[in-house]
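# Coordinate inspection notes
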Amino acid sequence: MTAVYADLQDPSADIRAEIAERSGLLDPLNKIWFHKTAAAVIDADRCVRCGSCVAACPSQSIAIASDGLPTLVRMCTGCSACWDYCPLAGLRPERLWRIEGDEEPVDTAGRVLATYTARAAAPAAGAQDGGVVTALLEALFTAGQITGAIVTKPQGPFAGEAIIARTVEEIRGSAGSVYDQSLPLALLNDPPARPDERLALVGTPCQVTGLRALQRYDWRYRRSLASYVKYAIALFCTRSFDGKKLFREIASRGLPVAGLQKIGVSEGKLEAHAGDGSLLFAAPVKEFDDAALGGCSECADFSGRLADISVGSVGSAEGATTVLVRSEAGIRAWETASNHIASTPGCDLERVQRSSARNTRRAEAALERPLDPEAPLWISYEEHLSEYSGTERAPVTPPAHRSHHYTVAC
Ligand SMILES: Cc1cc2nc3c(=O)[nH]c(=O)nc-3n(C[C@H](O)[C@H](O)[C@H](O)COP(=O)(O)OP(=O)(O)OC[C@H]3O[C@@H](n4cnc5c(N)ncnc54)[C@H](O)[C@@H]3O)c2cc1C
Ligand code: SF4
Ligand code: SF4
C-alpha cells in the first residue's frame, strides 16, 4: 500500500471529504452525479449488476428498474458514491486486492491458505456441484455463527432473486448457480433485523469486491448492512449473463430450452441439464457471448480474491466443489462445517490458476486503462473519459428514465 492511502484505512474517514481534498472536487460542477455512472457504465453496456452503487448511495436514491439495471428513483445529491464504489467505474479492484493484503501477482488466484475438494454430506436438491456452499451456510446458521445469508434463490435456470435467507429451508432452497446477476449488494440497504445481526454473503467476485470496498471505506452518512457481513463466499466466475438474452440465444440456435433445469459453465463450456441430471447439450461458452454482460470481459478476478472462501467446479472432479480458504474467518467457517461436508485436502490448483490467468489476459485486452495494482484506488470521471472516449465502451447518453429524478430535481 502506498503511503498516500494509509489514512483511508481508517473506517471513520469521510471518503468524500478525502477525495474532494485530494482531487479538488469541491466544485459542485465536478461532482460525479448518478447520470455519469449511468453514462459510463450502466448504459454503456458495462454494468455487471453487482449492486454496489445501490448499496453505496447514502440517500437510497438508486433502485433496480424493470430492465434489471440500477436507476435513479429519488433526487441525486451528487455525493459521487455510486461512482466511487463501482468496480467498473471509480474503483480499481486490483488496487483493493493489495490494500486488503493480497500481494500475489494479478494473473493468479491470489492468496490461498488451504485448498480442498469437497462434497456436502447431505446435498440440497438443485445444488450445483458438491453442494458445499449450501452446506457451509447451513452449518454456520445452525451453529449460531450467522443470523442470515445473502443468497440468490433460483427462479428457474435463467433468473434468480437475491434474498436474506433466515431459515435452513431458505438456505437449502437457494442452492444451485444462476447465470444471471441478482444485484445482491442492494440488500445491504435493509436495516439489520436484530442488533446482533451476523450475515454471510454468497456472490460472484465483483460482488465480493463491492462488499469489501463498502466495508473498508465506510461512510457515516450511509446506512448499510455491509459491516454485519462476517463471511464472504465467492463463486469462481468467467462471465455472467443477461438471463433473458441467454434464453433467447439458446432458443434461437434450436437448442432445447423446454425441460432445461440447470446450466453450468466450466473451462470454456456451457452445459445444460434436464431435471433428471441428463445432459441436454454442451457448447463452447464463447458462442453465447452476445448474452454475456458486457463488463465481464473487463474483469480480471476469476476466483474471488477478496473472499474468505472461494468455490467453483474447476479443480475438482464432477459432482465435487473446489474450495480455496483465504482468511482466518474462512478457516473458522470451514472448521464449523466439518461435520456437514466431506472433504479431502488439495485440489487441482493449477487449473484454477490457468483460469485466473485467462481472465486476466482477457481483462488486459478489454480494459481501456492499465490493469495496475499499484495505481491509485480511485479513478476520477475525467480519467475515465480520457481513457474510454472514442472507444467502443465510451460513455453514452442514458435513456430519460435512467436519471429522470436528476433531470427534474437537481
Ligand atoms: C455466474 C456464475 C458463473 C460461474 N462460473 C464458474 C466458472 O466459470 N468456473 C467454475 O468453476 N465455477 C463457476 N461458477 C461456480 C459454480 O457454478 C458453483 O456455484 C460452485 O462450484 C459452488 O457449487 P456448490 O454446489 O458448492 O454450491 P451450491 O450449494 O449449489 O450453492 C450455490 C450458492 O450460490 C448462490 N448463487 C447462485 N447463483 C448466484 C449468483 N448469480 N450470484 C450470487 N450468488 C449466487 C446460491 O444462492 C447458493 O447459495 C459460477 C457461478 C456463477 C453464479
Ligand atoms: S457495475 Fe455494479 S456498481 Fe457499477 S453500475 Fe453496475 S451495479 Fe452499479
Ligand atoms: S466475470 Fe467478473 S464482473 Fe462478470 S459476473 Fe463474474 S465476477 Fe462479476
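Scroll up to find the structure this text is about.
The present account deals with the structure reproduced in this document. It should be emphasised that the depicted structure is a prediction, and the values quoted were computed from it without experimental measurement.

### Description of the pattern of salt bridges
When the charged atoms of two side chains with opposite charge come close together, those side chains can pair. Here the structure, examined in full by the defined rule, presents 19 salt bridges. Between Arg-239 and Asp-289 there is a salt bridge; the shortest N-O distance is 3.0 Å. Of this pair, Arg-239 sits in the loop between β7 (229–235) and α9 (243–252) while Asp-289 is found in the loop between β10 (279–284) and β11 (309–312), placing the two residues 50 residues apart along the sequence. Classification of Arg-239 as buried rests on a relative accessible area of 10%. Note on Asp-289: relative accessible area 34%, which makes it partly exposed.

### So, the sheet that holds strand β12 (residues 321–325)
Pairing within the open sheet is mixed, and its 8 strands lie in the order β5-β4-β6-β7-β11-β12-β3-β13. Taken across any chain shown, the strands that pair with only one partner, and hence form the sheet edges, are β5 (160–165) and β13 (341–345). Averaged over neighbouring strand pairs, the angle between their axes works out to 25 degrees when direction is ignored. Where strand β4 (residues 148–154) meets strand β6 (residues 199–203), 3 bridges bridge the pair, whose relative direction is parallel. What sits directly across from Ile-150, in β6, is Leu-201. Across the sheet, helix α6 (residues 132–142) is in contact with β3 (114–120), β4, β6, β7, β11, β12 and β13; its angle to β7 comes to roughly 170 degrees. Strands in contact with helix α8 (residues 205–216) are β6 and β7; relative to β7, the strand with the most contacts, it is inclined by about 155 degrees.

### Description of the packing of aromatic side chains
The full count for this structure, using the stated rule, is 7 aromatic pairs. With a centroid separation of 6.0 Å and 70 degrees between ring planes, the pair formed by Tyr-85 and Trp-378 is classed as edge-to-face. A residue pair is termed long-range when its members are at least 10 positions apart, and Tyr-85 in the loop between α4 (81–84) and α5 (93–99) and Trp-378 in the loop between α11 (349–366) and α12 (381–388) qualify at 293 residues. You'll find Tyr-85 and Trp-378 in the same group, each marked buried.

### Side note on the layout of surface pockets
Approximately 440 Å³ is the volume attributed to the second largest pocket. If you list the elements that add at least two residues to the lining of the second largest pocket, you get β5 and α9. Broken down by element, the residue count for the lining of the second largest pocket peaks at 4 residues, all from α9. In terms of residue class, the lining of the second largest pocket is built from 7 nonpolar, 6 polar and 8 charged.

### Quick notes on the site of ligand 3
If you check the shell around ligand 3, you find Val-48, Gln-181, Pro-205, Cys-206, Cys-237, Thr-238, Arg-239, Ser-240, Cys-296 and Cys-299 and nothing else. Of the residues contributing to the shell around ligand 3, the split by class is 6 nonpolar, 3 polar and 1 charged.

### Structural notes on the side chain of Ser-182
Residue placement: Ser-182 occurs in the loop between α7 (168–172) and β6. Of note is the side chain of Ser-182, whose polar atom sits 2.8 Å from the side chain of Thr-152.

### Focus: the sheet that holds strand β9 (residues 269–274)
Sheet architecture is open: 3 strands sit in the order β8-β9-β10, paired in antiparallel fashion. Strand pairing shows two members of the sheet lacking a second neighbour, β8 (260–266) and β10, which therefore form its edges. Strand-to-strand twist of the sheet, defined as the mean angle between neighbouring strand axes without regard to direction, takes the value 15 degrees. Here 5 bridges tie β9 to β10, and the two strands are oriented antiparallel to one another. Paired with His-273 across the bridge in β10 is Leu-279.

Thresholds, definitions, all that
- Counting restarts for each chain, with residues numbered from 1 along the sequence as it is written.
- Each chain gets a letter, beginning with A, and each ligand a number, beginning with 1, in the order they are written.
- Only residues with pLDDT of at least 70 are given local features in this predicted model, and only at 80 or more are side-chain atom pairs given and counted; all residues enter the totals for whole chains, interfaces and linings.
- Hydrogens are left out, water is left out, and the side-chain values use all remaining heavy atoms of the structure.
- The term salt bridge refers to a side-chain nitrogen of Lys or Arg lying within 4 Å of a carboxyl oxygen of Asp or Glu.
- By definition, any uninterrupted DSSP run of H or I lasting at least four residues is a helix, any uninterrupted run of E lasting at least two residues is a strand, and each is numbered from the N terminus.
- For the exposure calls, accessible area comes from a 1.4 Å probe over protein chains only, and a residue counts as buried if that area is under 20% of its type's maximum, exposed if over 50%, partly exposed in between.
- Any two strands between which DSSP finds at least two bridges are classified as paired.
- Angular values range over 0 to 180 degrees, each being the angle between N-to-C directions of two axes fitted as lines to C-alpha atoms, with helices fitted over their stretch in contact.
- Working rule for contacts: check all heavy atoms of both residues, and any pair within 4.5 Å makes them a contact.
- Paired rings are identified among Phe, Tyr and Trp, the last through its six-membered ring, by centres lying within 6.5 Å, and are further divided according to the angle between planes into stacked (under 30 degrees), edge-to-face (over 60) and tilted (the rest).
- Both cavities and pockets are sets of points on a 1 Å grid over the protein atoms alone; in a cavity a 1.4 Å probe fits but cannot get out, in a pocket the set is open with protein on both sides within 12 Å along at least five of seven lines, and lining residues sit with an atom within 4 Å of a point.
- Grid points are joined across faces, edges and corners, and a volume is the space filled by probe spheres set on the points.
- Under this grouping Gly is polar, as are all residues other than the nonpolar Ala, Val, Leu, Ile, Met, Phe, Trp, Tyr, Cys and Pro and the charged Asp, Glu, Lys and Arg.
- Any residue with at least one heavy atom within 4 Å of a molecule or strand is counted as near it.
- Whenever two N or O atoms come within 3.5 Å, that pair is a polar contact, provided that in protein one can donate a hydrogen and the other can accept it, and provided that, for residues adjacent in sequence, both atoms are side-chain atoms.

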